[in-house]
Amino acid sequence: MTPRAKRILGKSIVVTIIAIVATFALSFTARLALHMPIDWLSWVECTLIPILIGMPVGAYIFAQSETIQDTCDKLEKSYAALRETHDRLAFVTSHDPMTGLLSRGGFMARMDRKRDEGEYDTLLVIDPDHFALFNDKHGHSKGDEALVRIAKALVYLTRPGDSIGRLGGEEFGVLLRGVRKEQAMTMAENIRRLIEGMPWIKGQQDDLKVTVSIGGAEIPPNADSQDILRTAERCIFEAKQRGRNRVSFDYEATRFRVATS
């Protein structure tokens, strides 16, 4: 006998016993009150009627209850699987598959958040210098590895509440939440220094390194995210025009000492 059948039978027996006891109590009480005799037929009726009626009815009701519970369990499992699939799909559509960072769309959605009066964020856009040369010399697989390492460096140097995304190609974006320009410049310089000092090709004795130019712009309340992004990208252009491996905010490139290899 299956566990399901045992549960149904056990519940049906319990209900039938209760029905027998209740039938005896009601029938005998009524007979005594009406001064009716209690004979052997009364005992048979009070015993057989609950068994013949209560047992099958109880079994049917409990079988239906088990069926409904099984259906609910299956629906709950299907919902959990559907929710998991939805979460995976949402992650895939909002994240870059190679680096695991936010995709451009996911990152821009974070930039569009509503800010209270006096609340500022700062956008950093990071673009590797001469990255085409790196790809040409070492191959696109090494170029992909370099992008992944840049992504890890950005995660390492930012806070849990900040957002990091791959905006396209080799360009990255960092949204520093609640950070003004002065602090953001320091954070951008730390990013630039870390990436510049990383070893890129193991065992390779050459002077080719990956450096980045970083453009930044504050995001005031009610700002248009596309306008802010264009401002930061123009700052990158300014930094590259001035020699690359620099941080530039609001068109004023701040030149930092470039360490020689």
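Here, the structure is the one placed above.
The model shown is predicted, which means the values in this text are computed figures rather than measured ones.

## Looking at the packing of helix α5 (residues 140-157) against helix α6 (residues 181-197)
(1) Moving on: Direction vectors running N to C along α5 and α6 enclose 140 degrees, while the axes themselves pass 10 Å from each other. Comparing their axes, α6 and α5 come out oblique. Two packed elements cross with a definite hand, and for α5 against α6 that hand is right-handed. Residues Ile 150, Ala 153, Leu 154, Tyr 156 and Leu 157 of α5 pack against Met 187, Asn 190, Ile 191, Leu 194 and Ile 195 of α6.
(2) Moving on: Broken down by class, the residue content of the contact of α5 with α6 amounts to nine nonpolar, one polar and no charged.

## A word on the pairing of strand β1 (residues 121-128)
(1) Moving on: Counting buried positions over the eight residues of β1 gives eight, a clear majority of the element.
(2) Moving on: Alternating positions in β1 separate into two faces, Asp 121, Leu 123, Val 125 and Asp 127 on one and Thr 122, Leu 124, Ile 126 and Pro 128 on the other, with burial throughout.
(3) Moving on: As paired strands, β1 and strand β4 (residues 212-219) are joined by eight bridges and run antiparallel to one another. Paired with Ile 126 across the bridge in β4 is Ile 214.
(4) Moving on: Taken together, the five bridges between β1 and strand β3 (residues 171-176) define a ladder with antiparallel strand orientation. Counterpart to Leu 123 in the pairing with β3 is Leu 175.

Rules behind the numbers
- Residues numbered from 1 in each chain as written.
- Predicted model: local features only at pLDDT ≥ 70, side-chain atom pairs only at ≥ 80, totals over all residues.
- Heavy atoms only, no water.
- Axes fitted to C-alpha atoms, helices over the stretch in contact; angles between N-to-C directions.
- Helix = DSSP H or I, 4+ residues; strand = E, 2+ residues; numbered from the N terminus.
- Parallel < 35°, antiparallel > 145°, perpendicular 65-115°, else oblique.
- Left-handed = near helix turned anticlockwise from the far one by under 90°.
- Contact = heavy atoms within 4.5 Å.
- Nonpolar A, V, L, I, M, F, W, Y, C, P; charged D, E, K, R; others polar.
- Buried < 20%, exposed > 50% of the residue type's maximum accessible area, 1.4 Å probe, protein only.
- Pairing = 2+ DSSP bridges.

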